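Listed here are the chains, written in short residue letters.
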Amino acid sequence: MLVCRDVTELVTDFVEGRMSFWDRARFQFHIGMCRHCREYLRQTRKTAALLGEAPPEPPSPEVEAELLRRFKDWESS
Ligand SMILES: [Zn+2]
């Protein structure tokens, strides 16, 4: 499991789309549960947008839900 400190280190890679599938899944899993890191991600995206580094298109809600479902299956197996 990621902790908040991991998220602060990984957030730039996440925003710039430089993460592997499972790293993204773990990151999003934490973001889904942690209000503090959600806010941190939002701020980072805003900053990246202001700097002209448009973040990659986020996955659709359907893709994200599927991803989280698979991740939970993977965690419990
Ligand atoms: Zn957190």
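Residues numbered from 1 in each chain as written. Predicted model: local features only at pLDDT ≥ 70, side-chain atom pairs only at ≥ 80, totals over all residues. Heavy atoms only, no water.

Visitor: Would you take a moment to explain the coordination of the zinc ion for this structure?
Guide: Ideal values for angles at a metal depend on the geometry: 109.5 degrees with four tetrahedral donors, 90 or 180 degrees with six octahedral donors. Ligation of the zinc ion by protein atoms is provided by Cys 4 (SG), His 30 (NE2), Cys 34 (SG) and Cys 37 (SG), these donors lying 2.0 to 2.3 Å from the ion. Between the 4 donor atoms coordinating the zinc ion, the angles at the centre fall across 103 to 113°, so the site counts as tetrahedral. In primary-sequence terms, the residues that donate to the zinc ion follow C-x25-H-x3-C-x2-C. Here the two residues His 30 and Cys 37 agree in accessibility, since each one is buried. (Donors = N, O, S within 2.8 Å, 3.2 Å for Na, K, Ca; no water. Tetrahedral: all angles 85-135°; square planar, octahedral: opposite > 155°, others 65-115°. Buried < 20%, exposed > 50% of the residue type's maximum accessible area, 1.4 Å probe, protein only.)

Visitor: Would you explain helix α3 (residues 35-50) in this entry?
Guide: Owing to its 3.6 residues per turn, the α-helix brings residues three or four apart onto one side. Compared with the 22 Å implied by 1.5 Å per residue over 16 residues, the 23 Å span of α3 between its first and last C-alpha is a close match. Taken together, the buried positions of α3 are occupied by Cys 37, Leu 41, Thr 44 and Ala 48. Angular distribution of buried residues about the axis of α3 spans 65°; they occupy a single face of the element. Exposed residues pointing more than 90 degrees away from the buried face of α3 are listed as Arg 35, His 36 and Leu 50. Tucked inside the fold, the buried residues of α3 contact α1 (4-15) and α2 (21-33). (Helix = DSSP H or I, 4+ residues; strand = E, 2+ residues; numbered from the N terminus. Expected span 1.5 Å × (residues − 1). Arc of directions from axis to C-beta. Contact = heavy atoms within 4.5 Å.)

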